[in-house]
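# Examination of the molecular architecture
The chain contents come next:
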Amino acid sequence: MENKKQALIIVVGPTASGKTDLAVKLAKALETEVISADSRYFYKGLNIGTAKPTKSEMQGVTHHLIDCTTVDNPWSLGEFRTHALKLIKEINSKGKIPILVGGTGQYIRAITKNWNVPTIESDEGLRITLENWAKLIGKKELWNKLKIVDPEAAKKIDFRNLRRTVRALEVILKTGKRFSGLRNFSDNPLNSLTLGISWPRDLLYKRVDFRIDQMIKQGLVAEVNDLVSQGRDELLRRIGIIGYTEIIDYLEGKLTLEQAVKLIRKNTRVFIRTQSNWFKADDPNIYWLDGKDPALLVKALDLTKNYFANQGIILGMP
RNA sequence: GCCGAGUUAGCUCAGUUGGUAGAGCAUGCGACUGAAAAUCGCAGGGUCCACGGUCCGAGUCCGUGACUCGGCA
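Residues numbered from 1 in each chain as written. Chains lettered and ligands numbered in written order. Predicted model: local features only at pLDDT ≥ 70, side-chain atom pairs only at ≥ 80, totals over all residues. Heavy atoms only, no water.

The next thing to look at is the packing of aromatic side chains. Under the criterion given, the structure shown has 7 aromatic pairs. Relative to Tyr43, the ring of Phe42 has its centre 6.0 Å away and its plane inclined at 70°; by these criteria the two rings are edge-to-face. A residue is classified by how much of its surface remains accessible, and Phe42, at 0% relative accessible area, is buried. By way of ring pairs, the aromatic residues Phe42, Tyr43, Trp75, Phe80 and Tyr107 are connected into one cluster. (Phe/Tyr/Trp six-rings, centres within 6.5 Å; stacked < 30°, edge-to-face > 60°. Buried < 20%, exposed > 50% of the residue type's maximum accessible area, 1.4 Å probe, protein only.)

Here it is in structure tokens:
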């Protein structure tokens, strides 16, 4: 690696767009490794419902940051960032450019915008206390408390967004420092190429509906049942994972299976829309590729080789 | 054929004693310095089945027709 900057290939796109497949094929062609930027692939035991790539789908390509923890010990963005940066460095030092692939926009941005993340562990007890306090005095009042101790942070947080108010207060109470003071970011410190996979919405929705039916056939209910019987249902609910909370409701008799599946479809569609806020069609830093294009892989490979060749970096075998 | 109920947004439906229409879902857009598959905000969209009548004014009242769903033959 001649270039002193760390180099990285990034693959983004909404759920069910074919990121995993493209990343594996790119990795094989370029003889490199994959780093997952998917916040739900971290957890052991969440396989079917998260559409985690299987061993055979990985086709022998080394994948990092998959099954690296359990729901009892949720990873934060900070932990992801620390590990991802370390892996990028390691793989670069082997003369390879890793492929960062995932649908968690915030995580991708934390890498490309070099967010500096304070490593403050979450405190579930404190969070619950703050949430209960908000129930008593109201979201707005809790936000007003934040405004007193950290007006800068309050200014950037919608008072209706309780979750962010709670997080800001949590950080302040745990560190004694202002939340707003712990924030900083910089320009992209990496030499990175971002590939995006795009689909017309209606087609993507059809792919998602099909995939959800497949998940049910592959035994999503049994997978969730296992987690529930291990007493993990409350943890799963607090993390909030599409496909799991709905099936828990089914197992608890709050929904029929049909209602649960319908709700999974709905929630996945909403997810696709909010996901698109992180990967926009007019983002000049993303090279968008048509997901339906049979030549997707060839085009992605050409783009990648050309991009790095312009900087004197030759990828793959001649 | 007769009797009843209905026809309003893409879907399911509200709509007061007549004053040119609302909700939920869906759809689209957006925020987000870190719990993010989370949390939250905004918007577009209607020949009110058709035609005629009454009225200053009809989604609303009257008539005729079309279609849908029940019940009876």
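The discussion continues.
The next thing to look at is the sheet that holds strand E5 (residues 191–198). Sheets are built from strands paired through backbone hydrogen bonds, the pairs being either parallel or antiparallel. The 6 strands are arranged E3-E2-E4-E1-E5-E6 in an open sheet whose pairing can be described as parallel. The strands lining the two open edges of the sheet, one partner per strand, are strand E3 (63–64) and strand E6 (286–290). Bridging between strand E2 (residues 34–36) and E3 involves 2 bridges; their strand directions are parallel. Residue Ile35 lies in a different strand from E3, and its bridge partner there is His64. Its contacts with the sheet put helix H4 (residues 105–112) on strand E1 (7–12) and strand E4 (99–101), and the angle it makes with E1 is roughly 160°. Along the sheet, helix H14 (residues 296–309) contacts E1, E5 and E6; its crossing angle with E5, the most-contacted strand, is approximately 160°. (Pairing = 2+ DSSP bridges. Helix = DSSP H or I, 4+ residues; strand = E, 2+ residues; numbered from the N terminus. Contact = heavy atoms within 4.5 Å. Axes fitted to C-alpha atoms, helices over the stretch in contact; angles between N-to-C directions.)

It is worth spelling out unusual backbone geometry at this point. Although it is not a glycine, Ala16 adopts a positive phi angle of roughly 70°. Of note in this structure, Ala51 is not a glycine but carries a positive phi near 60°. You can see Ala51 is positioned in the loop between E2 and helix H2 (55–58).

Counting residues in hydrophobic clusters, the biggest one holds 70 residues, and the most contacted among them are Phe80 and Leu100. With sequence-adjacent residues up to four places away left out, Leu100 is seen in contact with Leu8, Ile9, Ile10, Val11, Ile35, Ser36, Ala37, Phe80, Ile108 and Ile111. Among the nonpolar cores identified, the runner-up in size contains 16 residues, and Ile120, Leu142, Val166 and Leu169 belong to it. (Core = buried A, V, L, I, M, F, W, Y, C linked by side-chain atoms within 4.5 Å.)

For the rest of this paragraph, the subject is the pairing of E5. Within E5, 7 of the 8 residues are buried, which leaves it mostly tucked inside the rest of the structure. Two elements, E1 and E5, share 6 bridges in a ladder whose sense is parallel. By the bridge assignment for E5, Ile9 is matched with Leu193. Examined bridge by bridge, E5 and E6 share 5 bridges and lie parallel to one another. Among the inter-strand pairings, Gly196 is bridged to a residue of E6, identified as Trp288.

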